[in-house]
Amino acid sequence: MQYSRRAQLVFEGMASRWEEGWLLRPLEEGDFPRLLELYQSNPFYNSVALEEPPSLAMCREDQTALPPGTSAGQKLFLGLFQGERLQAVLDLVDGYPEEGTLYIGLLELHGKAQGRGLGKRTMAALLPAAVQAGFSRVRLGCMEQNQPGLAFWRGQGFAPEGGVEQNGRWIVKMQKEL
């Protein structure tokens, strides 16, 4: 995959910030069984975010789904591995919803990795890489029912900036200036 220049810089910047034994890399179809297992390890998130149980088809959809007006080269669909175990998935989009913005479409940790600082470590790798790549802000949407997620994002310095209804669920739009 040929990524946009800034997406490539974010990936390289993040990948260089992990210690030995950890690997950040693009997810491929062969990773989908591990991705499905990660998704299945989060029953609370699934209950507030999904209308049906996770599936391999959902893994494929997540890998290729793009926001309006973006192209495949703007998207990073990354897995964070500790050894052979997929510990986190991260979906990033360069330039959405506007130029200079890095959009986090998904940050999901394996259920067994939650509460151990991995989300904070992931953001500690992502935010400096985003600055070095030339982004001025990071945006995301978090479901209002996902109170642990909202608390995490607020703790990372993200502020609400309104919201939108999507599929009968309220999504809190959040942003962080870099």
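Structure: see above.
Asks: Break down helix H1 (residues 5–15) for me, citing the residues and quoting the values.
Replies: Among the residues making up H1, those that are buried are Arg6, Ala7, Val10, Phe11, Gly13 and Met14. Buried residues in H1, looked at end-on, bunch into an arc of 170°, giving them a common side. Check the buried side of H1 and you find it contacts strand E1 (22–26), strand E2 (75–82), strand E3 (85–94), strand E4 (101–109) and helix H5 (118–132).

Asks: Would you mind going over the nonpolar core in detail, with residue names and values included?
Replies: As a rule of thumb, nonpolar side chains are buried together in soluble globular proteins. If you look at the biggest cluster of nonpolar residues, it comprises 36 residues, and the most contacted ones within it are Val10, Met14, Leu92, Ile104 and Trp153. No other element matches the seven residues that H5 contributes to this core. For Ile104, the residues in contact, after removing those within four places along its chain, are Leu90, Asp91, Leu92, Met123, Leu126, Val138, Arg139, Leu140, Gly141, Trp153 and Phe158. Formed by twelve residues, the second largest nonpolar core is a distinct cluster that contains Leu35, Tyr39, Cys59 and Val89.

Asks: A description of the packing of aromatic side chains should follow, citing residues and the corresponding values.
Replies: For the structure on display, the rule yields four aromatic pairs. Taking the centre distance of 5.2 Å and the plane angle of 75° together, the rings of Trp153 and Phe158 count as edge-to-face. Since its relative accessible area comes to 3%, Phe158 is described here as buried. Connected via pairs of aromatic rings, a cluster forms that spans Phe152, Trp153 and Phe158.

Asks: Would you mind going over the sheet that holds strand E5 (residues 137–143) in detail, with residue names and values included?
Replies: Overall, mixed pairing links the seven strands, which are arranged E1-E2-E3-E4-E5-E7-E6 in an open sheet. Single-partner strands in this sheet number two, and they are E1 and strand E6 (159–166). This sheet shows a mean twist of 25° between the axes of neighbouring strands, independent of strand direction. One ladder, built from six bridges, connects E6 with strand E7 (residues 169–177); its direction is antiparallel. The residue bridging Pro160 from the neighbouring strand is Met174, located in E7.

Asks: Run through the packing of H1 against H5, naming residues and quoting values.
Replies: Across the interface, H1 lies against H5 with an axial gap of 8 Å and an inter-helix angle of 135°. Considered as vectors, H1 and H5 are oriented oblique to each other. Judged by the sense of rotation from one axis to the other, the crossing of H1 with H5 is right-handed. Facing H1, whose interface residues are Val10, Gly13 and Met14, H5 presents Thr122, Ala125, Leu126, Ala129 and Ala130. Residues that form the contact of H1 with H5 fall into these classes: six nonpolar, two polar and no charged.

Asks: Give a detailed account of H5, specifying residues and quantitative values.
Replies: In this model H5 runs 22 Å from its N-terminal to its C-terminal C-alpha over 15 residues, within 8% of the 21 Å that 1.5 Å per residue would give. Of the positions making up H5, those classed as buried are Leu118, Gly119, Thr122, Met123, Ala125, Leu126, Leu127, Ala129 and Ala130. Looking one or two residues past H5, Gly134 carries a phi angle of roughly 100°, positive in sign.

Asks: Account for the side chain of His110, with residues named and values stated.
Replies: In this structure, His110 sits in the loop between E4 and H5. At a separation of 2.9 Å, a polar atom in the side chain of His110 contacts the side chain of Glu37. There is a polar contact of 3.1 Å between the side chain of His110 and the backbone nitrogen of Lys112.

Rules and cut-offs
- Residues numbered from 1 in each chain as written.
- Predicted model: local features only at pLDDT ≥ 70, side-chain atom pairs only at ≥ 80, totals over all residues.
- Heavy atoms only, no water.
- Buried < 20%, exposed > 50% of the residue type's maximum accessible area, 1.4 Å probe, protein only.
- Helix = DSSP H or I, 4+ residues; strand = E, 2+ residues; numbered from the N terminus.
- Arc of directions from axis to C-beta.
- Contact = heavy atoms within 4.5 Å.
- Core = buried A, V, L, I, M, F, W, Y, C linked by side-chain atoms within 4.5 Å.
- Phe/Tyr/Trp six-rings, centres within 6.5 Å; stacked < 30°, edge-to-face > 60°.
- Pairing = 2+ DSSP bridges.
- Axes fitted to C-alpha atoms, helices over the stretch in contact; angles between N-to-C directions.
- Parallel < 35°, antiparallel > 145°, perpendicular 65-115°, else oblique.
- Left-handed = near helix turned anticlockwise from the far one by under 90°.
- Nonpolar A, V, L, I, M, F, W, Y, C, P; charged D, E, K, R; others polar.
- Expected span 1.5 Å × (residues − 1).
- Polar contact = N/O pair within 3.5 Å; in protein donor to acceptor, adjacent residues only side chain to side chain.

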